[in-house]
Each structure stands twice: as C-alpha cells, then as structure tokens.
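A structural walkthrough
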Amino acid sequence: MIMDVQLASLFTAVALIVIGIFAAVFLDNLIKKVIGLAFIGDGVNLFLISMGYKAGGIVYIYLPGMAADWFAQNAAYPLPFALVLTSIVIGASTMAVMLGIIIVLYKKRGSISASKILGE
C-alpha cells in the first residue's frame, strides 16, 4: 500500500515534535535542548503545510484568462504557507537569541550542562 503524501507529512511532523519534546525535556546539554526546540518548531511548520496541501492543487496565483470558479476550486489554501513563512523567520531569530544566551552562560559558568548551571 502506498501512503498518501499528506499522511506521510503528518506522521513526519508528529515524529519531529516527539523527538523535539524528548530532547527539550530529557537531554542535559543546552545546545541539544535548543535543537530539540527547533525540531518542535519544524514539526509544527510541517503540520501546517500538510494541512494546506491539496492533492492536484495549483499555485494560488490568479493569472489572466483563468475562470474564477475553476481557480477557487483548484488552488491550494495559502494561509498555512504564509503562517509558516512567518514562523520560520521568528524561529530563526529566537534560536539565534537562545544560542547567544548559551554562549554568555558558557563564558560565565564554564559549562553548557543545564544541571551544572542550575546548581543541581
């Protein structure tokens, strides 16, 4: 049995989110925690994109000569793609800030282990 593209994307999104939650909760290294948070964000982005996917859909650019009703029936839903584009920009900037904070913590404490920094 061949799996549908949208279903495969949903399974991959769930796998990314689960791996990210595991890394963010159970790993001690701060950089690995940040990578886990990035996995969660990428999984959510993939989930949103797979929800906007339309099998056999066309790009949502209305060209001259297209019938409006045909375009409305065949175009993919553009809102998830706009949300994901915004999420990518926000995710990249927050990851840069988190990594910068980790660099400052390493210079101050000499370790990137969460248990050593928190004093446990």
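Before any of the text, the structure's been laid out above.
Residues numbered from 1 in each chain as written. Predicted model: local features only at pLDDT ≥ 70, side-chain atom pairs only at ≥ 80, totals over all residues. Heavy atoms only, no water.

Here the focus is helix H1 (residues 5–26). Here H1 spans 31 Å end to end across 22 residues, near enough to the 32 Å set by a 1.5 Å rise per residue. Of the surrounding secondary structure, the elements contacted by the buried residues of H1 are helix H2 (30–52). (Helix = DSSP H or I, 4+ residues; strand = E, 2+ residues; numbered from the N terminus. Expected span 1.5 Å × (residues − 1). Contact = heavy atoms within 4.5 Å.)

Moving on, we come to the packing of H2 against helix H4 (residues 79–109). In the contact formed by H2 and H4, the axes pass within 10 Å of each other and the chain directions differ by 180 degrees. In terms of their interaxial angle, H2 and H4 are classed as roughly antiparallel. In this structure, H2 uses Leu30, Ile31, Val34, Leu37, Ala38, Asn45, Leu48, Ile49 and Gly52 to contact H4, whose residues at the interface are Pro80, Phe81, Val84, Ser87, Ile88, Met95, Met98, Leu99, Ile102 and Leu105. Split into classes, the residues belonging to the contact of H2 with H4 amount to 16 nonpolar, three polar and no charged. (Axes fitted to C-alpha atoms, helices over the stretch in contact; angles between N-to-C directions. Parallel < 35°, antiparallel > 145°, perpendicular 65-115°, else oblique. Nonpolar A, V, L, I, M, F, W, Y, C, P; charged D, E, K, R; others polar.)

In this structure, Gln6 sits in helix H1. As a C-alpha pair, Gln6 and Phe22 span 16 residues in sequence and 24 Å in three-dimensional space. With near-sequence residues (within four places) excluded, Gln6 lies in contact with Ser50, Met51 and Tyr53. A polar side-chain atom of Gln6 sits 2.7 Å from the main-chain carbonyl oxygen of Ser50. (Polar contact = N/O pair within 3.5 Å; in protein donor to acceptor, adjacent residues only side chain to side chain.)

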